[in-house]
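# A structural walkthrough
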Amino acid sequence: MDEDQIVGYVTAYLKKKGFKQTEKVFQEEFQLNKTISPSDSDIGNQILSFAHLESGPARFHDGYSRLRTWTYSSLDLYKYELLRVLYPVFIHCFMDLVAKGHIQEARNFFNTFREDHEMMHLRDLQKLEGVLSPTHLEEMEFAHSLRQSKFNIKICEYSYELLLQHLHSTQSTTILGIINEHINFQVTPGQPSSISDDPEAVTLTGSSQDAINLINQKEIHWGLLEDSLEERLEKAGALLSDSEKGEGEAKDGDNDESKKRSIEGGKQGASIKKVKKDKGGSATGKSAKPEANIVSAAPRVKPELPLPIIPTEVEHSILEDLRSRVQLSSVALPSVSFYTFINTHNGLSCSSISHDGSLVAGGFSDSSLKVWDMAKLGQQSSSSMSQDENDTSQNQQILGQGGGKRQYTLFQGHSGPVYAASFSRIGDFILSSSADSTIRLWSTKFNANLVCYKGHNYPVWDVQFSPLGHYFASCSHDRTARIWSMDRIQPLRIMAGHLSDVDCVQWHANCNYIATGSSDKTVRLWDVQSGECVRVFVGHRSMILSLAMSPDGRYMASGDEDGTIMMWDLSSGRCLTPLIGHTSCVWSLAFSCEGSIIASGSADSTVKLWDVNTSTKVPRTEDNKSGNASRLRSLKTLPTKSTPVSALRFSRRNLLFAAGALAKSV
């Protein structure tokens with residue numbers, strides 16, 4: 001039935017009922033609407049033109065420009081929260097322009113506004129510069145993860161209402177659509193946050209925040225192992241009499257002298273050992289009980305993996321070291337022994353130090369692994385210095401010229417650069433991982449390769465022995481971490497869940513968990529027995545390069561590419577505080593044996609010492625008032641002449657060892 005027939009029926013009905021006036025008005029309105037009503041084609045053209053206007057490249061530039069101008073002109077009280085919205089909107093405007101094929105407009109947009117975000121997100125912008133076509137959005141891993149993920153932004157309720165009012169008043173439908181699709185707002189009541197370095201202010205996750213919260217609700221048994229050496233020392237210390245303690249101190253002094261001769265024969269090692277011994281002699285009796293109190297504060301848990309048995313003589317040696325441990329605090333800082341690699345010509349890709357500092361390993365880009373024995377090195381250097389004649393020829397012989405003796409043991413077998421090395425607890429084995437996607441186990445006693453572990457399909461960035469040996473963990477470019485045992489050539493567990501490379505791995509003190517740091521800017525904690533992820537730590541703004549676990553297993557520290565260190569509470573999964581002070585990548589982290597100090601080594605050629613107690617106990621509100629939170633937590637900065645610090649380790653007696661390669665001065 002067409003429109004004219006309907007009008008005819010209505011007119012006939014009105015005539016039949018005698019509504020003449022109504023019939024006349026109805027006819028007039030029908031004729032008027034018929035003359036001015038647009039056709040269907042006109043309506044379609046208007047809709048298409050409006051849609052074209054909405055999807056045009058100018059809408060992204062104008063919408064972002066208006067949002068940027070409004071944000072910078074807002075009140076200072078709300079400006080810092082509103083500024084957090086600009087970066088996600090900026091990168092998604094750019095990627096949307098690329099996805100729609102507006103390449104030139106996308107480059108102009110990127111170059112116009114990139115200066116706003118260079119200070120905080122320079123490395124991300126450098127990666128996005130390589131996006132030159134829609135296919136790059138799918139092929140580039142970083143861009144693809146950004147498109148698939150959502151930003152979580154913490155903002156107060158009033159700031160959130162101000163943002164929505166602005167978007168609706170300016171009719172910024174393009175920007176509003178980007179915000180709805182790519183941003184999750186965590187709206188909090190009360191006043192806006194004034195912490196500029198809040199690690200949870202802007203975070204990026206691969207899944208929804210609800211899924212992460214569900215993971216972080218899982219129970220964590222973060223305590224120490226039952227019947228550990230520390231627990232035995234605590235029980236034995238309570239039973240010792242004062243005379244027996246005195247005899248023990250004398251024996252420890254003799255042991256110090258023998259170790260000084262056999263392990264650290266060089267002048268530097270001997271002098272540091274002497275200082276350490278003097279401190280230990282005065283603090284041994286005082287430090288035994290406080291150490292026991294700190295250890296006993298942590299709950300005891302059962303191991304989930306069958307653990308290896310420690311030989312009796314090794315156990316006695318470790319117990320002697322624990323009894324002679326120097327108690328460190330914010331007023332009693334550690335002595336430091338620094339090993340410098342010279343003439344590496346930028347070939348050093350990793351370094352590692354054994355638990356007692358007697359062995360130092362270096363992995364090189366020429367596929368070699370070299371291990372230096374400090375006792376032999378000291379004997380050789382002293383013997384060469386005692387000779388007045390032919391000193392040059394002696395040095396050449398030690399360096400291995402013409403088939404002579406070397407200062408180091410050379411391990412060859414990898415077919416690519418060696419990216420990581422890890423000593424076993426006793427120092428009789430060393431693991432190495434390489435770009436050839438393999439892990440090799442070497443014997444430092446027999447100077448031979450024992451096993452080649454194959455499982456990863458891409459370069460293996462890191463490998464770490466468990467605290468008790470036998471088991472080890474690795475992580476790779478294939479986005480997985482794996483658990484291995486020395487007696488099997490296949491991995492026992494595979495941990496998958498990161499969105500990008502897994503760059504570093506670290507064992508928990510009780511061997512029941514491992515932590516992994518990734519280029520996706522998150523740290524994950526995995527249950528070794530089940531292989532499941534039990535914590536996701538979100539807050540870093542660049543790739544994570546180093547991890548460290550506190551001796552009591554409660555806290556974890558992570559260092560990233562921007563130089564930021566974050567302290568995490570494993571039980572709650574939240575960040576306690578960021579430690580800001582380094583100006584470049586944090587390559588290594590290490591807790592002192594009692595957990596009161598954490599040391600960080602960076603590419604800025606410094607070692608920094610931080611107060612852990614202040615970092616974990618100062619409330620966030622006090623941080624706001626002081627404004628100098630990181631300064632309060634930083635105890636000391638130890639600069640090197642021109643040596644980026646690639647490895648750190650506290651010995652069992654709390655001497656800090658560090659290593660790095662001398663860089664060419666600019």
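Residues numbered from 1 in each chain as written. Predicted model: local features only at pLDDT ≥ 70, side-chain atom pairs only at ≥ 80, totals over all residues. Heavy atoms only, no water.

### Let's talk about the overall build of the protein
Inclusion rule: Strands are runs of DSSP state E lasting at least two residues, helices are runs of H or I lasting at least four, and both sets are numbered from the N terminus onward. Any pair of residues with heavy atoms lying within 4.5 Å of one another is described as a contacting pair. Surface exposure here means Shrake-Rupley accessible area, sampled with a 1.4 Å probe, where a residue is shielded only by the protein chains that are shown.
Helix and strand counts for the protein stand at 22 helices and 32 strands. Considering only contacts within the protein whose residues lie at least 6 apart along the sequence, 59% involve residues at least 24 apart. Carbon and sulfur atoms make up 52% of the accessible area of the protein, which amounts to about 32000 Å² in all.

### Topic: helix α1 (residues 3-17)
Filter applied, for reference: An expected span of 1.5 Å times one less than the residue number is assigned to each helix. In this scheme, a residue with accessible area under 20% of its type's maximum is buried, one over 50% is exposed, and one in between is partly exposed, where area comes from a 1.4 Å probe on protein chains only. Throughout, the arc means that of the directions going from the helix axis to the C-beta atoms.
Its 15 residues give α1 an end-to-end C-alpha distance of 22 Å, which sits within 8% of 21 Å, the value for a rise of 1.5 Å per residue. Within the sequence span of α1, burial applies to Val7, Thr11 and Leu14. Down the axis of α1, the smallest arc covering the buried residues is 60°, so these residues share one side. Pointing more than 90 degrees away from the buried face of α1 are the exposed residues Tyr9 and Lys16.

### A short note on helix α11 (residues 157-169)
A turn of α-helix holds 3.6 residues, and therefore any two residues three or four places apart point the same way. In this model, α11 (13 residues) spans 18 Å end to end at C-alpha, consistent with the 18 Å of a helix rising 1.5 Å per residue. Taken residue by residue, α11 has Ser159, Leu163, His166 and Leu167 as its buried positions. For α11, the arc enclosing every buried residue in end-on projection is 95°, short of the 170-degree limit, so these residues lie on one face. The exposed set on the far side of α11, more than 90 degrees from its buried face, consists of Gln165, His168 and Ser169.

### Side note on the nonpolar core
Heads up, the rule is: We define a nonpolar core as any set of buried Ala, Val, Leu, Ile, Met, Phe, Trp, Tyr and Cys residues linked to one another through side-chain atoms lying within 4.5 Å.
Ranked by size, the top nonpolar core spans 38 residues in total, and within it Tyr64, Val89, Phe90, Phe94, Phe109, Leu128 and Ile175 carry the most contacts. In terms of residue count, the dominant contributor to this core is helix α6 (residues 86-99) (10 residues). Counting residues in each nonpolar core, the second largest holds 19 residues, with Trp222, Leu224, Ala515 and Val523 among its members.

### A word on the pattern of salt bridges
We apply this condition: Salt bridges, as used here, are contacts in which a Lys or Arg side-chain nitrogen is within 4 Å of a carboxyl oxygen on Asp or Glu.
If you walk through the whole model with that rule in mind, you get 9 salt bridges. Look at the salt bridges and you will find they share partners, linking Arg114, Glu118 and Glu129 into a network.

### Some thoughts on the packing of aromatic side chains
For clarity, the threshold we go by: Any two rings among Phe, Tyr and Trp, with Trp reduced to its six-membered ring, count as a pair given centres within 6.5 Å; such a pair is stacked if its planes are under 30 degrees apart, edge-to-face if over 60, and tilted if neither.
In this structure the tally under the stated criterion is 20 aromatic pairs. In textbook terms, an aromatic cluster arises when at least three aromatic residues are bridged by ring pairs, as seen for Tyr64, Phe90, Phe94, Phe109, Phe110 and Phe113.

### Remarks on the side chain of threonine 11
Here threonine 11 shows up in helix α1. When neighbours within four sequence positions are excluded, threonine 11 is seen to be in contact with Glu23, Phe26 and Gln27.

### Quick look at the sheet that holds strand β20 (residues 513-518)
Convention followed: Pairing between two strands requires that DSSP report at least two bridges joining them. In this analysis an axis means a line fitted to C-alpha atoms, helices contributing only their contacting stretch, and an angle means the value between N-to-C directions, from 0 to 180 degrees.
Overall, antiparallel pairing links the 4 strands, which are arranged β19-β20-β21-β22 in an open sheet. In this open sheet, the two strands that pair with only one neighbour each are β19 (502-507) and β22 (533-538). Adjacent strand axes in the sheet meet at a mean angle of 20° when their direction is disregarded. Strand direction decides the pairing type here: β19 and β20, joined by 5 bridges, are antiparallel.

### Thoughts on the sheet that holds strand β25 (residues 564-569)
Read from one edge of the open sheet, 4 strands run β23-β24-β25-β26, paired in antiparallel fashion. With partners counted over all chains shown, the strands left at the sheet margins are β23 (544-549) and β26 (574-580), one partner each. Pairwise comparison of adjacent strand axes, ignoring direction, gives a mean angle of 20° for this sheet. In this sheet, β26 lies alongside β25 in antiparallel orientation, the contact comprising 6 bridges. By the bridge assignment for β26, isoleucine 565 is matched with leucine 579.

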